[in-house]
Amino acid sequence: MEEDALLIGREAEMEMLDASLASLLETGRSGLVYIEGEAGVGKSRLVHQFVAGHARPLPVRILCGEADAIDRITPYHAFQRVVLDLFALHEASPEERRERIREALKGDSAALELLPLLDDVLPMEFPETELTQQMTGEVRASNLQTLMVALLRFAAAARPLLVVIDDAHWLD
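What you are looking at is a predicted structure, and each value in this text was computed from that prediction instead of being measured.

(A) Structural view of the environment of Val163. Structurally, the position occupied by Val163 is in strand 2 (residues 161-166). Once the C-alpha coordinates of Val163 and Leu63 are considered, the two residues, 100 residues apart in sequence, prove to be 4.8 Å apart. Among all residues touching Val163, those that are not within four sequence positions of it are Leu63, Val82 and Leu152.

(B) Local environment of the packing of helix 1 (residues 11-27) against helix 2 (residues 43-55). Interaxial distance between helix 1 and helix 2 falls to 11 Å at its minimum, and their mutual angle equals 50°. In terms of orientation, helix 1 and helix 2 fall into the oblique class. In this structure, helix 1 crosses over helix 2, and the sense of that crossing is right-handed. Here Glu13, Met14, Leu17, Asp18 and Leu21 of helix 1 come into contact with helix 2, specifically with Leu46, Gln49, Phe50, His54 and Ala55. Residue composition of the contact of helix 1 with helix 2, by class: six nonpolar, two polar and two charged.

(C) Here's a closer look at the layout of surface pockets. There is about 1400 Å³ of room inside the largest pocket. The wall of the largest pocket is formed by 38 residues, among which Gly31, Leu32, Val33, Val163 and Val164 lie closest to the centre. Contributing elements (two or more residues each) for the lining of the largest pocket: helix 1, helix 2, helix 7 (137-158) and strand 2. When residues of the lining of the largest pocket are assigned to their parent elements, the largest contribution, six residues, is made by strand 2. Taken together, the residues of the lining of the largest pocket sort by class into 23 nonpolar, nine polar and six charged.

(D) Expanded view of the nonpolar core. Core analysis: the biggest nonpolar cluster contains 30 residues, and Leu89, Ile101, Leu118, Leu147, Met148 and Leu151 have the highest contact counts within it. Elements that contribute at least two residues to this core include exactly helix 3 (80-86), helix 5 (109-114) and helix 7. Looking at which element gives the most residues to this core, the answer is helix 7, with six residues.

(E) A look at the pattern of salt bridges. The final tally for this structure, using the stated rule, is six salt bridges. Across the pair Asp85 and Arg81 runs a salt bridge whose closest N-O atoms are separated by 3.7 Å. Taken together, the residues span about one helical turn, with Asp85 and Arg81 both in helix 3 at a distance of four residues. A residue is classified by how much of its surface remains accessible, and Asp85, at 26% relative accessible area, is partly exposed. You can call Arg81 partly exposed: its relative accessible area is 42%.

Definitions and limits used
- Residues numbered from 1 in each chain as written.
- Predicted model: local features only at pLDDT ≥ 70, side-chain atom pairs only at ≥ 80, totals over all residues.
- Heavy atoms only, no water.
- Helix = DSSP H or I, 4+ residues; strand = E, 2+ residues; numbered from the N terminus.
- Contact = heavy atoms within 4.5 Å.
- Axes fitted to C-alpha atoms, helices over the stretch in contact; angles between N-to-C directions.
- Parallel < 35°, antiparallel > 145°, perpendicular 65-115°, else oblique.
- Left-handed = near helix turned anticlockwise from the far one by under 90°.
- Nonpolar A, V, L, I, M, F, W, Y, C, P; charged D, E, K, R; others polar.
- 1 Å grid on protein atoms, 1.4 Å probe; cavity = no way out; pocket = protein on both sides within 12 Å on 5 of 7 lines; lining within 4 Å.
- Points joined across faces, edges and corners; volume = space filled by probe spheres on them.
- Core = buried A, V, L, I, M, F, W, Y, C linked by side-chain atoms within 4.5 Å.
- Buried < 20%, exposed > 50% of the residue type's maximum accessible area, 1.4 Å probe, protein only.
- Salt bridge = Lys/Arg side-chain N within 4 Å of Asp/Glu carboxyl O.

As structure tokens, then:
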């Protein structure tokens, strides 16, 4: 994607994104912005330019993930990069990954108990707990969602958090 190319005719959308981010920074309350449109109309480009030119200079942590048609069968594929970036895990061994996440969640015993579920997002090799061994299907998925929210809350506690998931229509 050409970084310096001018984005034309998207002032209203950019103003809406700016207003949403300003609200986050002013109130500290989370929200959701969903950008919808036909393929090829520039949704990804709009978001890319917003993040690069409007959000990056602000005191907000930005985590980006991307869904796609090929990996749509992999649960939480779009959040793999989010988790990697959140804890700086890109070059970390599985042991280092586990330690960094345990350290971050050390005050949240409920989340620590659910850590083996994170293997459904990223290979972490957390040993199953007595609790997670019993979880299957919808119960396991629901508890994984609870864990993911705890991880994002951890990040948002330090400073406002902007999570961007591109091509979210591929998520199940």
